[in-house]
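A closer look at the structure
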Amino acid sequence: MKDDDRLLLDDPARLKALAHPMRRLMLRHLSVYGEATSTTLGELLGAKTGTTSYHLRQLEKYGFIEEIPERSTGRERWWRKAGPRDLRLPTPDQLAPEDRPVLAEFHRLGMEEDFELFRRFPEAYRRDPDWAKGSRGLGRMTKAEFHDFYEAYIELLMKFSHRPEDAPPDARPLYIRMFALPADED
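Residues numbered from 1 in each chain as written. Predicted model: local features only at pLDDT ≥ 70, side-chain atom pairs only at ≥ 80, totals over all residues. Heavy atoms only, no water.

On to the overall build of the protein chain. Summing up its helical and strand segments, the protein chain has 7 helices and 7 strands in all. Listed N to C, the secondary structure of the protein chain is β-α-α-β-α-α-β-β-β-α-β-α-α-β in terms of helices and strands. For the protein chain, with 186 residues in total, the buried portion stands at 32%. Taking all contacts inside the protein chain whose residues are at least 6 apart in sequence as the whole, residues at least 24 apart take part in 65%. Counting every atom, the protein chain has about 12,200 Å² of accessible surface; 53% of that belongs to carbon and sulfur. (Helix = DSSP H or I, 4+ residues; strand = E, 2+ residues; numbered from the N terminus. Buried < 20%, exposed > 50% of the residue type's maximum accessible area, 1.4 Å probe, protein only. Contact = heavy atoms within 4.5 Å. Areas by Shrake-Rupley, 256 points an atom, 1.4 Å probe, with all protein chains shown as cover.)

Right, here's the structure in full:
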C-alpha cells in the first residue's frame, strides 16, 4: 500500500495488532523518531529484545512497519514505519460480535493516549504557543455534513457550522476539539 492510501482496519487480526500497548508505543516511536532496532526500542520501553522482536514481527506481518535491508546486518534488524497514514476504524456493525471487544480496546488505549496529550497541552502551550495550538468550537451539522467535516477537520468548521437559526432541522450541536503539540518531546 502507498503512503497516501486509506486503510480500513476491518480485519480483526490487523486491528488486534494495533490494540496492544507495546506495539502502539513502538509504532509511535517509529513514526515520530524514525528508524530503530528491537534493541533500541527495548531500551526505550524497558523490555527485553526478544519481546520487542516479537512485537515488531507482528507489526511487520500486518504491514505497519518494514525492515530496512540496507541497514540490517546479521542479527541487527532496522525497522521503519510503513503503510498508509490514513487508517480508518470500522464501525462496530462492520465486525463480527466476537471481534468488537478488540475495537473497544483499540479505542480505550487511544483515549488513554489522548488524555495524556490533553494533560500535557497547557505546558506545551506555555513553552511555545507557536508549536502548540488548540481550537474549540460548537457546530451544527447533519450526519452527512459531519462526515465531510471529519475529512477536512478545521478548514471545514466554518463552512459547515450553522448558526442555530440557520441550521437544517436534522442538524445537531456537536462538541468539537482540536489540539496539536510536538510529538518529539516524549
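If you walk across this open sheet you meet the 3 strands as 2-4-3, and the pairing is antiparallel. The open sheet terminates on both sides in strands that have one partner only, identified here as strand 2 (36–37) and strand 3 (65–67). Pairing analysis gives 2 bridges linking strand 2 to strand 4 (residues 78–81), with the strands arranged antiparallel. For threonine 37, the partnering residue across the bridge sits in strand 4 and is tryptophan 78. Running at roughly 110° to strand 3, helix 4 (residues 49–61) makes contact with strand 3 and strand 4 of the sheet. (Pairing = 2+ DSSP bridges. Axes fitted to C-alpha atoms, helices over the stretch in contact; angles between N-to-C directions.)

Another aspect to go through is the side chain of glutamate 145. Mapped onto the fold, glutamate 145 is located in helix 6 (residues 143–152). A relative accessible area of 18% places glutamate 145 in the buried class. A polar contact is formed between the side chain of glutamate 145 and the backbone nitrogen of threonine 142, at a distance of 2.9 Å. (Polar contact = N/O pair within 3.5 Å; in protein donor to acceptor, adjacent residues only side chain to side chain.)

This paragraph deals with helix 4. Between its first and last C-alpha atoms helix 4 spans 18 Å; for 13 residues at 1.5 Å apiece the expected length is 18 Å, and the two agree. Of all the residues in helix 4, the buried ones are Thr52, Ser53, His55, Leu56, Gln58 and Leu59. Those residues of helix 4 hidden inside the fold are in contact with helix 1 (12–18), helix 2 (21–33), helix 3 (38–45), strand 3 and strand 4. Just downstream of helix 4, glycine 63 is the residue with a positive phi angle, here 80°. (Expected span 1.5 Å × (residues − 1).)

On to the pattern of salt bridges. Tallied over the entire structure, the rule returns 11 salt bridges. A salt bridge links glutamate 35 to arginine 71; the shortest N-O distance between them is 2.5 Å. Here the residue glutamate 35 occupies a position in the loop between helix 2 and strand 2, and arginine 71 occupies one in the loop between strand 3 and strand 4, the gap between them amounting to 36 residues. For arginine 71, a relative accessible area of 36% corresponds to the partly exposed category. Taking the shortest distance from any N to any O, the salt bridge between glutamate 70 and arginine 80 comes out at 3.9 Å. Of this pair, glutamate 70 sits in the loop between strand 3 and strand 4 while arginine 80 is found in strand 4, placing the two residues 10 residues apart along the sequence. Given a relative accessible area of 60%, glutamate 70 falls into the exposed group. The class for arginine 80 is partly exposed, based on a relative accessible area of 27%. Taken together, the salt bridges that share partners define one network made up of Glu66, Glu70 and Arg80. (Salt bridge = Lys/Arg side-chain N within 4 Å of Asp/Glu carboxyl O.)

Another point: the packing of aromatic side chains. All told, the structure shown has 1 aromatic pair when counted by the stated rule. Across from the ring centre of phenylalanine 64, 5.5 Å away, lies the NZ or CZ of arginine 14, which sits over that ring. Across from the ring centre of phenylalanine 106, 4.6 Å away, lies the NZ or CZ of arginine 24, which sits over that ring. (Phe/Tyr/Trp six-rings, centres within 6.5 Å; stacked < 30°, edge-to-face > 60°. Lys NZ or Arg CZ within 6 Å of the ring centre and 35° of its normal.)

Moving on, we get to the packing of helix 3 against helix 4. Close contact between helix 3 and helix 4 brings their axes to 8 Å; oriented N to C, the two are set at 115°. Taken together, the axis directions place helix 3 and helix 4 in an arrangement best described as roughly perpendicular. Two packed elements cross with a definite hand, and for helix 3 against helix 4 that hand is right-handed. Contacts from Ser38, Thr39, Leu41 and Gly42 of helix 3 reach helix 4 at Thr49, Thr52, Ser53 and Leu56. Broken down by class, the residue content of the contact of helix 3 with helix 4 amounts to 2 nonpolar, 6 polar and no charged. (Parallel < 35°, antiparallel > 145°, perpendicular 65-115°, else oblique. Left-handed = near helix turned anticlockwise from the far one by under 90°. Nonpolar A, V, L, I, M, F, W, Y, C, P; charged D, E, K, R; others polar.)

Function cannot be inferred from these measures alone, as they are strictly geometric.
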